[in-house]
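A structural walkthrough
Listed below are the residues making up each chain.
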Amino acid sequence: MYKGESEPHTGSASLMRGIPIDILRAFVAVVEARGFTRAAEELGRTQPTISLQVKRLEELVEAPLFKKGGRFELSGVGEVCFDYGKRLLRLHDDMLDEVGGRNNPNGALRIGMPSEFASVLAPRLAQLRADAETRATFEVMVESSQALSAAFRQNALDVAFVIGAGESEPHRIEQWRGQLRWFGPASDGHAGDRPAPLVVPPQGSLIHEAATGALRAHGRKFDIVCTSSDFAVLAAAAAAGLGVMPMIEGLAAEGLRPCLDKSLPPLPEVTLLLLARSRTLALASRRWVASMVETLQSV
C-alpha cells in the first residue's frame, strides 16, 4: 500500500452484494399488488418464483422486509427498499427504453388507449410523432383500461392513457380526475319502481364497478341490458334508448344527453392516468392528451 492510501472499509455495507433488478421488481410488485399471487400474474412468473425472489432480497439486505403478523405491512428496511426500488426500476427501464429508441429510431411506437378516448386521441397521433421526434410507425391498441395496464406492465406498450386506480403505478407521468355521469333516455315517473336498464362495460372494469356499486349502495335495482368493451357500441345503444350509461362527462357523442332520472344515484370520479416509458415520450405524450384533458376538466 502506498503511503497516504487509506485502509479499505470492511463494513457490512461494502460486503453487501449488488441486488439484481428482477429481485427488486418482484418485491415492488408484491407490495403494490399486496400479494404474491397477483404480483406473479402481473409479472408473468409463478408464485413460488416471486416468493423466492423476495426471500432472496431479505437475505441480501440481512433484514425482514415485512412486519411480523402484518398484512404486507413494510418494516423500516422494507420501506427503504420499496422507495429506492421504485426509483431504481424507473431509471433502469428509462435507460433501456432510451437506448432502444436511439438504436432503432424507426421502430414502432406502441400506443394504448381505451375505446372511450379513441375518437379523440387517434387524430392527434401525428402531433405525438412530431413531439416525440421520431419517424416511427404506430401500433395502436384500443382495449379496456385493465388490458392496457397489463400490457404496459408486460412491456408491450410504450405509452398508455388509461382509466385507473393507481397512484402506485411506477411509470405514471401525470393523472387527472374525470367525473362520471348517467347518460341516456329520460324515464317516466314510475322509473324508481322498476329496475334501471344499464348499458355498461364488462364486469371488472372500473366504470362497471363504480356504476353498479353506486346503485347497490342506494338500494336501486338494475338490469344490465347491454355490455361491450367498445365505447361506440355502448353509446349507440344508450342513444337509441336501450338503457342508461355511466360515462365520463365530456365524452358524450352528439345526441346523447344526461339522464335526469332522480332515482339514479350520483356517480363518483375516476382517475385518468398517463403512462410512458421514457422522458422523451413523457413530454410528448403529455402534450398529446393535454388539450383533451383540459376540455374534460372544464365541463
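Before reading further, recall that the structure is shown in the block above.
In this report, the structure presented in the accompanying data block is examined. Because the structure is a prediction, the values reported are computed rather than measured. (Residues numbered from 1 in each chain as written. Predicted model: local features only at pLDDT ≥ 70, side-chain atom pairs only at ≥ 80, totals over all residues. Heavy atoms only, no water.)

Contact geometry of helix α2 (residues 21–33) with helix α4 (residues 47–61) gives a least axis separation of 9 Å together with a crossing angle of 110°. Between α2 and α4, the interaxial angle falls into the category roughly perpendicular. Between α2, through Asp22, Ile23, Leu24, Ala26, Phe27 and Val30, and α4, the contact on the second element is made entirely by Ile50, Gln53, Val54, Arg56, Leu57 and Leu60. (Axes fitted to C-alpha atoms, helices over the stretch in contact; angles between N-to-C directions. Helix = DSSP H or I, 4+ residues; strand = E, 2+ residues; numbered from the N terminus. Parallel < 35°, antiparallel > 145°, perpendicular 65-115°, else oblique. Contact = heavy atoms within 4.5 Å.)

The next subject is the environment of Ser145. Tracing the sequence through the fold places Ser145 in helix α8 (residues 145–153). The exposure class assigned to Ser145 is buried, which follows from its relative accessible area of 7%. A sequence separation of 32 residues divides Ser145 from Met113, and the C-alpha atoms of the two residues are 7.5 Å apart. If sequence neighbours within four positions are ignored, Ser145 has contacts with Pro114, Val162 and Ile163. A distance of 2.9 Å separates a polar side-chain atom of Ser145 from the backbone nitrogen of Ile163. (Buried < 20%, exposed > 50% of the residue type's maximum accessible area, 1.4 Å probe, protein only. Polar contact = N/O pair within 3.5 Å; in protein donor to acceptor, adjacent residues only side chain to side chain.)

A separate point is the layout of surface pockets. For the second largest pocket, the calculated volume is near 250 Å³. Listed by contribution, the elements that provide at least two residues to the lining of the second largest pocket are α6 (115–121), α8, α9 (206–217), α10 (231–239) and β7 (245–248). In terms of residue count, the dominant contributor to the lining of the second largest pocket is β7 (3 residues). (1 Å grid on protein atoms, 1.4 Å probe; cavity = no way out; pocket = protein on both sides within 12 Å on 5 of 7 lines; lining within 4 Å. Points joined across faces, edges and corners; volume = space filled by probe spheres on them.)

This next bit is on the side chain of Asp261. Its location among the elements puts Asp261 in the loop between β7 and β8 (269–276). For Asp261, the side chain forms a polar contact with the side chain of Ser263, separated by 2.6 Å.

The next point concerns the pattern of salt bridges. Scanning the entire structure with this criterion turns up 10 salt bridges. Glu59 is the partner of Arg56 in a salt bridge, and the nearest nitrogen-oxygen pair spans 3.2 Å. Of this pair, Arg56 and Glu59 are both found in helix α4, 3 residues apart, which corresponds to roughly one turn of the helix. Residue Glu59 is classed as partly exposed on the basis of its relative accessible area, which comes to 42%. (Salt bridge = Lys/Arg side-chain N within 4 Å of Asp/Glu carboxyl O.)

What follows covers the environment of Gly85. Checked against the element boundaries, Gly85 lands in helix α5 (residues 76–103). The sequence separation of Gly85 and Phe27 amounts to 58 residues, and the corresponding C-alpha distance is 8.3 Å. Residues in contact with Gly85, not counting those within four places in the same chain, are Leu24, Val28 and Val80.

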